[in-house]
Amino acid sequence: MRELHSIVVLTGAGVSAESGIATFRGPGGLWEGHRVEDVCTPEALARDPALVHRFYDLRRAALAGVAPNPAHHALARLDAQWPGELLIVTQNVDDLHERAGATRLLHIHGELRSALCAACGARREWAAPLPPGSVCAACGQAALRPDIVFFGEMPYQMERIEAALADCDLFVSVGTSGAVYPAAGFVQTARYHGADTLEMNLDPSMGSVFFAESRMGAAGVLVPEWVEAVLATTSDT
Ligand code: APR
């Protein structure tokens, strides 16, 4: 067993489910009530920006009513106490990892609380509803849009993620169905580079077959147990 130094954790909607945020697929999933083509593609934004902005305004407003759960808090504890390398790559656009205290974190699919200028690439906080055509303070153009990676767009910070996957000793996936690439392929990249792999999920995912170990159960139970065990290895050394 390689000495454990560098960890990459991928999280999906399942890590926020116990906080009351709907996942995307499965019963009551977000894509049950909305068509991706209507609210999560560049074409949708061009065709009906008010609908797209309203969809993300509603999801952002819902953040006020939710809080991090034990899985977020456990990952924040790992972030604070793990002496080696750690990168938490979240597919989620909520801010619950941050609110739990995580810092070694990146959002591969963007963030609800951020607006992006489609003209100059500047970002600003998106707190209150932002109507389509809002003006960018950096360049003055009416080009602010949700800072969300739509289907068909390039995920964020892929070079940083690929480098972390090439270097990690352990790749852990929490609460994702493995339905969307490139995130769904990270386990294979990590394995290719010799990392150990662990999945924690409520149900078998589309990627379960690629993991050396899959633990089925609620993230709020499994993640704190796993973090406890990993941090215990540091006190052993
Ligand atoms: N604990 C652990 N896992 C859970 C829990 C829980 N309490 N509740 C649900 N899950 C699991 C489900 O079994 C499912 O496999 O979380 C997964 C959620 O899957 P999806 O709804 O597909 O969400 P995700 O995998 O994050 O979607 C990936 O798809 O629509 C795009 O951009 C969107 O980032 C999203 C991407």
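Residues numbered from 1 in each chain as written. Predicted model: local features only at pLDDT ≥ 70, side-chain atom pairs only at ≥ 80, totals over all residues. Heavy atoms only, no water.

- As recorded in an unreviewed UniProt entry, the protein goes by NAD-dependent protein deacylase and comes from Sphingomonas qomolangmaensis.
- Of the protein, the UniProt comment under Subcellular location (unreviewed entry) reads exactly: "Cytoplasm". (UniProt positions renumbered as here; feature names shortened; annotations may be inferred.)

1. Regarding the nonpolar core
- In terms of nonpolar packing, the biggest core is built from 24 residues, with Val9, Leu78, Val223 and Trp226 touching the most fellow members.
- Those elements that place two or more of their residues in this core are strand 1 (6-11), helix 6 (70-81), strand 2 (85-90), strand 7 (170-174), strand 8 (196-201) and helix 10 (219-236).
- The element contributing the most residues to this core is helix 10, with 7 residues.
- Setting aside residues no more than four positions away along its own chain, leucine 78 makes contact with Leu86, Arg104, Trp226, Val227, Val230 and Leu231.
- Formed by 18 residues, the second largest nonpolar core is a distinct cluster that contains Met158, Leu165, Ala183 and Ala195. (Core = buried A, V, L, I, M, F, W, Y, C linked by side-chain atoms within 4.5 Å. Buried < 20%, exposed > 50% of the residue type's maximum accessible area, 1.4 Å probe, protein only. Helix = DSSP H or I, 4+ residues; strand = E, 2+ residues; numbered from the N terminus. Contact = heavy atoms within 4.5 Å.)

2. Quick notes on the pairing of strand 1
- Strand 1 sits mainly inside the fold: 6 of its 6 residues count as buried.
- Here strand 1 shows a buried face lined by Ser6, Val8 and Leu10 and a second buried face lined by Ile7, Val9 and Thr11.
- Of the pairings in the sheet, the one linking strand 1 to strand 2 comprises 6 bridges and is parallel in character. Looking at strand 2, one finds that serine 6 is bridged to glutamate 85.
- As defined by bridge partners, strand 1 adjoins strand 7 across 5 bridges and the pair is classed as parallel. Bridge pairing in strand 7 links valine 8 to phenylalanine 171. (Pairing = 2+ DSSP bridges.)

3. Re empty space enclosed by the protein
- In this structure the tally under the stated criterion is 1 cavity of 30 Å³ or more.
- Approximately 90 Å³ is the volume attributed to the largest cavity.
- Every residue lining the largest cavity is counted, 14 residues in all, and those nearest its centre are Ser173, Thr176, Gly178, Ala184 and Phe211.
- Grouping the amino acids of the lining of the largest cavity by side-chain chemistry returns 7 nonpolar, 6 polar and 1 charged. (1 Å grid on protein atoms, 1.4 Å probe; cavity = no way out; pocket = protein on both sides within 12 Å on 5 of 7 lines; lining within 4 Å. Points joined across faces, edges and corners; volume = space filled by probe spheres on them. Nonpolar A, V, L, I, M, F, W, Y, C, P; charged D, E, K, R; others polar.)

4. Observations regarding the layout of surface pockets
- Roughly 820 Å³ of volume is contained in the largest pocket.
- Considering the residues around the largest pocket, the lining is formed by 45 residues, among which Ala13, Phe24, Arg25, Gly175 and Ser177 are closest to the centre.
- Here the lining of the largest pocket takes 3 residues from helix 1 (residues 14-17), the largest share from any one element.
- When grouped by side-chain class, the residues that make up the lining of the largest pocket number 25 nonpolar, 15 polar and 5 charged.

5. Concerning the sheet that holds strand 6 (residues 144-148)
- In spatial order, the strands read 5-4-6; together these 3 strands make up an open sheet with antiparallel pairing. Every interior strand has two partners, whereas the edge strands, strand 5 (123-125) and strand 6, have only one. If you compare each strand with its neighbour and ignore which way they point, the axes differ by 45° on average.
- In terms of strand pairing, strand 4 (residues 110-117) meets strand 6 through 4 bridges, oriented antiparallel. When the bridges of strand 6 are listed, glycine 110 appears paired with isoleucine 148. (Axes fitted to C-alpha atoms, helices over the stretch in contact; angles between N-to-C directions.)

6. Regarding helix 5 (residues 49-63)
- Its 15 residues give helix 5 an end-to-end C-alpha distance of 21 Å, which sits within 8% of 21 Å, the value for a rise of 1.5 Å per residue.
- Within the sequence span of helix 5, burial applies to Val52, His53, Phe55, Tyr56, Asp57, Arg59, Arg60 and Leu63.
- Here the buried face of helix 5 lies against helix 2 (30-33), helix 3 (36-39), helix 4 (42-47), helix 7 (96-100), strand 4 and strand 6. (Expected span 1.5 Å × (residues − 1).)

7. Some thoughts on the pairing of strand 2
- Counted residue by residue, strand 2 has 5 buried out of 6 residues, so it is predominantly covered.
- Pairing of strand 2 with strand 3 (residues 105-107) involves 3 bridges; the strand directions are parallel. Within strand 3, the residue paired with valine 89 across the bridge is leucine 106.

8. Re the sheet that holds strand 3
- Pairing is parallel across the open sheet formed by 6 strands, whose spatial order is 3-2-1-7-8-9. Of all strands in the sheet, those with a lone pairing partner are strand 3 and strand 9 (213-216), marking the two edges. Neighbour-to-neighbour, the strand axes of this sheet turn through a mean angle of 15°, independent of strand direction.
- As defined by bridge partners, strand 8 adjoins strand 9 across 4 bridges and the pair is classed as parallel.

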